[in-house]
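Fold and geometry: a report
Listed below are the residues making up each chain.
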Amino acid sequence: MPIPVKKTFAGNRSWFFVISLLLLFYGINNSIWLKLDDLPPTSDEAFHLLSSLKYSEILTSPSPDIFLRLLDVDKMYPPFFTFCAALMSLVIGHSIIALVMTNMVFAAALFFSVYFIGRKYEDKYTGLFAAFILSMYPYVFGLSRTFLLDFALLAMVGFSLCCLVYSDNLRRSGYSALFGVSLGIGILTKQTFVIFLVAPLAMAVINIVFNRESIHLRKKSVFNLGVALVLAAIIAGIWHLPKLFELQSAWNKYQYAKTHLFGPSTILSSVTYYAKLLTFDQIAPFFTALFLIGSVFLLKNKAKSFLIFLLWFILPYALFIFAGVRYMTDTIPALLPIALISGAGILKIKNQFLKRSAILLTVVLALIQYGIISYTSPEETKMRVSFPTSIKIRDSFFKRQTSFDFSQSCHILPIGEFFYHFPRKGDWKLEQIIEAIELNNPGSKYSEIGVTDAAIDCERVAWFDPDPGTLGDFWRDNFMVVNNSAVEYFVNAARLPYKVISLLYSNKDWMHSAKLDFIISVKSLEYIAPDIAGAYSLILKTAVPDESPVYVYKKRGVNE
């Protein structure tokens with residue numbers, strides 16, 4: 001399928017000012033939001049923060065084996081985002097806010113890439129409008145405030161697509177080589193990256209095979225494709241090849257965890273899961289309607305770009321649906337073609353008054369929604385009930401349940417609170433917990449700290465309060481504090497000589513075999529492990545802002 005070429009980089013630079021203004025808006029708001037919010041990082045965020053901390057420590061203490069030390073930082077997740085954050089930390093410091101703001105570098109790559117893709121297929125106005133729409137999706141601006149790999153993944157998919165589009169089906173050597181480099185870096189960002197390049201790359205290959213052009217041009221395209229793939233393999237292989245066996249083991253554990261956390265999957269349930277996720281969480285109902293309207297107008301105008309963007313969107317969705325495993329961030333890069341379809345379709349409206357009204361309405365409602373989701377709590381405004389993270393919606397769901405089965409029910413829960421909660425201030429007691437351990441560990445001797453976020457005889461406490469006859473909060477504050485990744489990050493950031501061990505709720509024998517100096521738990525030892533409770537003394541019992549408890553225990557006789 002030939003790529004319609006309309007314009008390249010010619011013309012005035014007003015587009016650069018508009019994109020820069022959008023980035024300034026993003027940067028200022030993210031900075032304000034992060035300063036207003038002191039909620040501890042989620043377990044996944046803390047895990048990646050810890051990786052970045054380790055990378056920065058290695059970079060500041062180089063040695064002959066530095067490459068092997070860098071390879072050993074992470075067993076499963078590729079290093080590009082966390083390594084970039086470590087480089088940034090050498091300049092701006094290793095605070096959580098500074099590290100999260102690394103996303104602004106990827107935001108620049110994302111918004112400029114969307115602009116150039118839209119400009120190539122339609123015009124500069126399509127590119128600008130699509131970039132704005134994408135930036136206003138709740139999932140997108142929510143993830144830009146987290147230290148996760150997914151926002152960088154979205155940016156790298158956008159950049160790679162842009163390089164591929166401007167390579168003119170791999171006819172242009174420079175852009176083809178740049179595409180290969182971006183492909184390698186994208187795989188080093190997150191392995192699911194390749195899923196979102198399958199459709200556009202397949203379309204380019206089909207064009208090479210079936211396009212009626214000179215043999216010379218076809219050979220050049222094939223050569224450029226080979227060069228791009230070799231470059232991608234070299235760059236991605238730097239980290240992946242030495243870790244093949246580790247990655248296989250980690251991947252098996254990852255698939256097992258996903259399957260057991262989210263329950264067995266069927267094709268029909270996957271379709272409804274991703275449809276609900278897209279409509280109510282990732283882009284919200286207003287932008288879903290915009291997407292449908294844009295699709296109608298692109299179809300009506302028989303725009304070739306519509307089929308191209310639609311394939312970019314449908315194929316990865318289909319792959320995830322048939323994969324048998326579902327997760328909320330899997331499909332985030334598929335929002336890019338949705339934004340392009342929305343922007344291009346609205347600009348195809350022929351009636352100038354209707355088109356300008358639609359654009360103005362989109363901008364105004366998008367900014368209002370951005371403000372409400374970003375800065376207001378559900379208790380502060382009734383308007384929020386129609387947006388993600390609505391506690392009212394969540395509570396009404398819980399009240400309809402006679403029993404709570406997380407593995408089946410989580411698929412229809414609003415999950416926005418996980419990724420784009422409103423700013424929260426509170427005493428999360430992490431410093432108090434670490435201080436209690438230090439006070440009971442004179443001289444900060446090497447110690448092993450066990451962290452459990454659940455009771456042995458119940459589901460994860462973070463999701464479900466096991467007290468009879470009650471249904472707990474969907475997200476418990478004590479889980480934000482009592483998870484091994486968060487504790488390990490803060491312990492390492494303070495340079496304390498402690499080893500932090502995760503005590504998984506699924507392992508019912510851990511309490512009887514563990515020889516731990518300290519235990520941090522969301523339930524008392526008398527409740528979760530009465531057989532060994534006598535071997536430990538309680539050194540701290542406290543409560544986090546939602547009044548959920550945290551217990552800290554010390555093994556009797558340790559450092560006494």
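This text gives an overview of the structure that appears in the document. No experiment lies behind these values; they were computed from the predicted model shown.

Another aspect to go through is the side chain of Asn483. On the secondary structure map, Asn483 appears in the loop between α23 (477–481) and α24 (484–493). Within polar-contact distance, the side chain of Asn483 engages the backbone nitrogen of Ala486 at 2.8 Å. Setting aside residues no more than four positions away along its own chain, Asn483 makes contact with Ser43 and Val451.

Let us now look at the packing of helix α2 (residues 43–60) against helix α4 (residues 80–92). Where α2 meets α4, the axes come as close as 8 Å, and the angle between the chain directions of the two elements is 55 degrees. Taken as axis vectors, α2 and α4 run oblique relative to one another. The handedness of the crossing between α2 and α4 is right-handed. For the pair α2 and α4, the contacting residues are His48, Ser51, Ser52, Tyr55, Ser56, Leu59 and Thr60 in the first and Thr82, Phe83, Ala85, Ala86, Leu87, Ser89 and Leu90 in the second. Looking at the contact of α2 with α4, its residues break down into 7 nonpolar, 7 polar and no charged.

Taken as a whole and judged by the stated rule, the model has 6 salt bridges. Here Arg495 ties to Glu57 by a salt bridge, and the two come within 3.7 Å at their closest N and O atoms. Placement of Arg495 in the loop between α24 and β2 (498–502) and of Glu57 in helix α2 is noted, with a sequence separation of 438 residues between them. Look at Glu57 and you get partly exposed, because its relative accessible area is 26%. Note that Lys190 is salt-bridged to Asp150, the shortest N-O span being 2.9 Å. You can see Lys190 sitting in the loop between α10 (173–187) and α11 (198–210) and its partner Asp150 sitting in helix α9 (residues 150–166), a full 40 residues away along the chain. Judged by relative accessible area, Asp150 falls into the buried class, the value being 4%. Each member of the salt-bridge network shares a partner with another, and the members are Lys120, Asp168 and Arg172.

Spatially, 5 strands are ordered β2-β1-β3-β5-β4 in an open sheet, and the strand pairing comes out mixed. Edge positions in the sheet fall to β2 and β4 (536–543), since each of these pairs with one other strand and no more. The average angle at which neighbouring strand axes cross in this sheet is 20 degrees, direction not considered. Pairing of strand β1 (residues 447–452) with β2 involves 5 bridges; the strand directions are parallel. Residue pairing across strands places Val451 opposite Ser502, the latter belonging to β2. Packed onto the sheet, α24 meets β1, β2 and β3 (518–521) and runs at close to 170 degrees relative to β2.

Let us now look at a nonpolar patch on the surface. On the surface, a nonpolar cluster with roughly 640 Å² of combined accessible area is contributed by Phe17, Val18, Leu21, Leu24, Ile28, Ile32 and Leu36. Relative to the helices and strands, Leu24 resides in helix α1 (residues 14–36). On the basis of relative accessible area, Leu24 is assigned to the partly exposed category, the value being 48%.

With 15 residues, α10 should reach 21 Å at 1.5 Å per residue; the first-to-last C-alpha distance of 21 Å fits that figure. Residues of α10 that are buried: Ser176, Phe179, Gly180, Ser182, Leu183, Gly184, Gly186 and Ile187. Close packing links the buried residues of α10 with α9, α11 and α12 (215–240).

Our focus in this paragraph is a negative patch on the surface. Taken together, the side chains of Asp427, Glu431, Glu435 and Glu438 present a region of like negative charge at the surface. Looking at the secondary structure, you find Glu438 in helix α22 (residues 430–439). Owing to a relative accessible area of 30%, Glu438 belongs among the partly exposed residues under this scheme.

Parameters and conventions
Residues numbered from 1 in each chain as written. Predicted model: local features only at pLDDT ≥ 70, side-chain atom pairs only at ≥ 80, totals over all residues. Heavy atoms only, no water. Helix = DSSP H or I, 4+ residues; strand = E, 2+ residues; numbered from the N terminus. Polar contact = N/O pair within 3.5 Å; in protein donor to acceptor, adjacent residues only side chain to side chain. Contact = heavy atoms within 4.5 Å. Axes fitted to C-alpha atoms, helices over the stretch in contact; angles between N-to-C directions. Parallel < 35°, antiparallel > 145°, perpendicular 65-115°, else oblique. Left-handed = near helix turned anticlockwise from the far one by under 90°. Nonpolar A, V, L, I, M, F, W, Y, C, P; charged D, E, K, R; others polar. Salt bridge = Lys/Arg side-chain N within 4 Å of Asp/Glu carboxyl O. Buried < 20%, exposed > 50% of the residue type's maximum accessible area, 1.4 Å probe, protein only. Pairing = 2+ DSSP bridges. Patch = residues over 30% accessible without salt bridge, like charges linked within 9 Å, V, L, I, M, F, W, Y side chains within 5 Å. Areas by Shrake-Rupley, 256 points an atom, 1.4 Å probe, with all protein chains shown as cover. Expected span 1.5 Å × (residues − 1). Lys, Arg positive; Asp, Glu negative; His and termini not counted. Charge placed at Lys NZ, Arg CZ, Asp CG, Glu CD.

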